[in-house]
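As a plain string of letters, each chain reads:
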Amino acid sequence: MDVRPFDALLYVSFGGPEKPDDVVPFLENVTVGKGIPRERLEEVGEHYFLFGGRSPINDLNRQVIAALEGELASRDVDLPVYWGNRNWDPYLRDALEQMVADGVRHAAYFLTSAYSSYSGCRQYRENLADATEGLDIELSRLRLPFNHPGFVAPFVEHTRAALADAPDDTHVVFVTHSIPDAMNDASGGPGVGAYRDQHLETARLVMAGLEPRHQGLPWELVYCSRSGSPRTPWLEPDVNDHLEKLAADGVTSVVVVPIGFVSDHMEVVYDLDTEAKATAEELGLRFVRVPTPGSHPAFVAMITDLLQERAAADRGEDPTPATIGSCGANPWVCVPNCCANLRGDRPAHA
Ligand SMILES: CC1=C(CCC(=O)O)c2cc3nc(cc4[nH]c(cc5[nH]c(cc1n2)c(C)c5CCC(=O)O)c(CCC(=O)O)c4C)C(CCC(=O)O)=C3C
Ligand SMILES: [Fe+2]
């Protein structure tokens, strides 16, 4: 496998606290300048304390990176993998300084976010613009993989398994992180609304991969983890409200597919496995939550394939992007006003 012109891969993620004393400073990092109400922050802090003050996210990222190193080695590629986060140690700036010290000149980077939005794309690119300041290093972004076969395959496999012994009236409930309506509208470009549309495409692709007898099951896209001011409209319905509606309609069983998340981090283990599950139990709904990709071999191979594709593109070749469905591949380089920062323009990478 030819990875020229890259001399490293940078794995870019959100970060999370690792011990109780980390929780408040982590939340301050996440929410600086965001106008999140104090009560919401205290509430979210409690979610972390319920899990001993440690988010699963960093360990999950360590596992993916170890698997990625194995995948690269198995393809005879000698390419170092670095790791940097937006909100917690190891921070992006430290990773980039280390890379430059190690002689890295041109790295590809992978975002642990599959869909277009300010939070999942441009904010990371702003973080990278800040973190590379004064450093002599070139970066190339790997495209967002919402419709890559290697992203969809683990969800298909896990949803098939969850449906194998599910009752006939089961609803397939796809869940992602809610974002403000205005952030959704700006996703992919002004008025494009790519965030929601990309999720609908991923949901359709998962449904199309199920056993023929399950492909016609009713499904919906719903949201979790809303924050911000209650006066600001965010994408709805909330997963808990949706479960109530389904139960009121006489539905008895749900399979919850967290397509918005690449690993079983706090949003998944608290907002879905704790809160939404408790809602389902109160309602007498059978509730099964399928796993996220995590370190699934198809997901890890996908990162390596994206690296190979982008390397070819940067060498001036014209690689055919691996995608399924009808949305087309997310571009290598975002359009200039893609996923705008609604609080004001800031320098962003790519
Ligand atoms: C689209 C999206 C993704 C997916 C794409 C991506 O991965 O980036 C994502 C991921 C994550 N979000 C996470 C945690 C948090 N997100 C918050 C707040 C917010 N998220 C938002 C959106 C997203 N978030 C938004 C619009 C806000 C409001 C503030 C703002 O406009 O930025 C807050 C503040 C408290 C709260 O109000 O919930 C926390 C603690 C964790 C770590 C989990 C762990 O620790 O295991 C992860 C992976
Ligand atoms: Fe978030």
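Parameters at a glance
- Residues numbered from 1 in each chain as written.
- Chains lettered and ligands numbered in written order.
- Predicted model: local features only at pLDDT ≥ 70, side-chain atom pairs only at ≥ 80, totals over all residues.
- Domains from an automatic or database assignment.
- Contact = placed C-beta atoms within 7 Å.
- Helix = DSSP H or I, 4+ residues; strand = E, 2+ residues; numbered from the N terminus.
- Nonpolar A, V, L, I, M, F, W, Y, C, P; charged D, E, K, R; others polar.
- UniProt positions renumbered as here; feature names shortened; annotations may be inferred.
- Buried ≥ 20, exposed ≤ 12 C-beta atoms within 10 Å, placed from the backbone.
- pLDDT = per-residue confidence, 0-100.
- Axes fitted to C-alpha atoms, helices over the stretch in contact; angles between N-to-C directions.
- Parallel < 35°, antiparallel > 145°, perpendicular 65-115°, else oblique.
- Left-handed = near helix turned anticlockwise from the far one by under 90°.
- Pairing = 2+ DSSP bridges.
- Near = placed C-beta within 6 Å.
- Core = buried A, V, L, I, M, F, W, Y, C linked by C-beta atoms within 7 Å.
- Expected span 1.5 Å × (residues − 1).
- Arc of directions from axis to C-beta.

**Details of the domain arrangement of the chain**
Accessible area lost when the parts come together is the quantity often used to give the size of an interface.
Move 1: Domain annotation of the chain identifies domain 1 (8-146 + 295-314) and domain 2 (149-289).
Move 2: Just the C-alpha atoms count here: the centres of domain 1 and domain 2 sit 24 Å apart.
Move 3: On the side of domain 2, 25 residues touch domain 1, which itself brings 27 residues to the contact.
Move 4: When residues of the side of domain 1 that touches domain 2 are assigned to their parent elements, the largest contribution, 5 residues, is made by helix H11 (residues 297-314).
Move 5: Grouping the amino acids of the side of domain 1 that touches domain 2 by side-chain chemistry returns 16 nonpolar, 9 polar and 2 charged.

**Things to note about the UniProt feature "binding site: Fe-coproporphyrin III" (unreviewed entry) in the chain**
Move 1: UniProt's entry tags Ser55 and Tyr124 with the feature "binding site: Fe-coproporphyrin III" (unreviewed entry), counted in the numbering of this structure.
Move 2: With respect to the secondary-structure elements, Ser55 resides in the loop between helix H2 (38-50) and helix H3 (57-74).
Move 3: Within the element layout of this structure, Tyr124 appears in helix H5 (residues 118-131).
Move 4: In this structure Tyr124 comes out as buried when scored by C-beta crowding, with 26 C-beta atoms within 10 Å.

**A closer look at the environment of Thr232**
Move 1: Relative to the elements of secondary structure, Thr232 occurs in the loop between strand S6 (219-224) and helix H9 (239-248).
Move 2: Residues Thr232 and Ala182, 50 residues apart in the sequence, show an inter-C-alpha distance of 9.1 Å.

**Things to note about the confidence of the model for the chain**
Residues shown with low pLDDT carry predicted positions that ought not to be read at fine detail.
Move 1: Summary statistics for the chain give a mean pLDDT of 96 and a share of 100% for residues scoring 70 or more.
Move 2: Both confidence scores are given for the complex: pTM 0.97, ipTM 0.95.

**Focus: the packing of helix H4 (residues 92-101) against H5**
Pairs of packed helices are described in terms of their axes, by the angle between the two and the distance that separates them.
Move 1: Packing of H4 against H5 leaves a shortest axis separation of 9 Å and a crossing angle of 50 degrees. For the element pair H4 / H5, the angle class is oblique. For the element pair H4 and H5, the recorded crossing hand is right-handed. Contacts between H4 and H5 involve Leu92, Arg93 and Leu96 from the former and Asn127, Leu128 and Ala131 from the latter.
Move 2: Tallied by class, residues from the contact of H4 with H5 come to 4 nonpolar, 1 polar and 1 charged.

**Looking at the sheet that holds strand S5 (residues 171-177)**
The strands making up a sheet associate through backbone hydrogen bonding, with each pair oriented either parallel or antiparallel.
Move 1: The parallel open sheet is built from 4 strands, whose spatial order is S6-S5-S7-S8. Unpaired on one side and paired on the other, S6 and strand S8 (286-289) mark the two borders of the sheet. Each strand axis lies, on average, 30 degrees off the axis of its neighbour in the sheet, ignoring direction.
Move 2: Sitting on the sheet, H9 is in contact with S5, S6 and strand S7 (253-257), with an inclination near 140 degrees to S6.

**Details of the site of ligand 1**
Move 1: Not every one of the 25 residues close to ligand 1 is listed here, only the nearest: Gly16, Ser55, Ser227, His265 and Met266.
Move 2: Of all elements in the fold, only helix H1 (20-31), H2, H5 and helix H10 (266-283) reach the threshold of two or more residues within the shell around ligand 1.
Move 3: For the shell around ligand 1, the element with the most residues is H1, which contributes 3 residues.
Move 4: A per-class count over the shell around ligand 1 returns 9 nonpolar, 13 polar and 3 charged.

**Describing the nonpolar core**
General note: in soluble globular proteins, nonpolar side chains tend to be found buried as a group.
Move 1: In this structure, Ala107, Val173, Val175 and Val257 are the most contacted members of the largest nonpolar core, which totals 90 residues.
Move 2: At 7 residues, H11 tops the list of elements feeding residues into this core.
Move 3: Lining this core are residues from two domains, each supplying at least three of them: domain 1 (8-146 + 295-314) and domain 2 (149-289).

**Thoughts on the pairing of strand S1 (residues 8-13)**
Move 1: Within S1, 5 of the 6 residues are buried, which leaves it mostly tucked inside the rest of the structure.
Move 2: As defined by bridge partners, S1 adjoins strand S3 (residues 106-111) across 5 bridges and the pair is classed as parallel. Paired with Leu10 across the bridge in S3 is Tyr109.
Move 3: Here S1 runs beside strand S2 (residues 81-85); their pairing, made up of 5 bridges, is parallel. From the neighbouring strand, Tyr11 faces S2, where its bridge partner is Trp83.

**Brief notes about H3**
Move 1: Taking 1.5 Å per residue as the helical rise, H3 with its 18 residues ought to reach 26 Å, and the 26 Å between its terminal C-alpha atoms agrees with that figure.
Move 2: Along H3, the residues that are buried comprise Ile57, Asn58, Leu60, Asn61, Val64, Leu68 and Leu72. Around the axis of H3, the buried residues are gathered within 150 degrees of arc, so they sit on the same side. Along H3, the residues that are exposed and aim more than 90 degrees away from the buried face are Arg62, Ala73 and Ser74.
Move 3: Here the buried face of H3 lies against S1, S2, H10 and H11.
Move 4: Looking at the residues trailing H3, positive phi occurs at Asp76, about 60 degrees.

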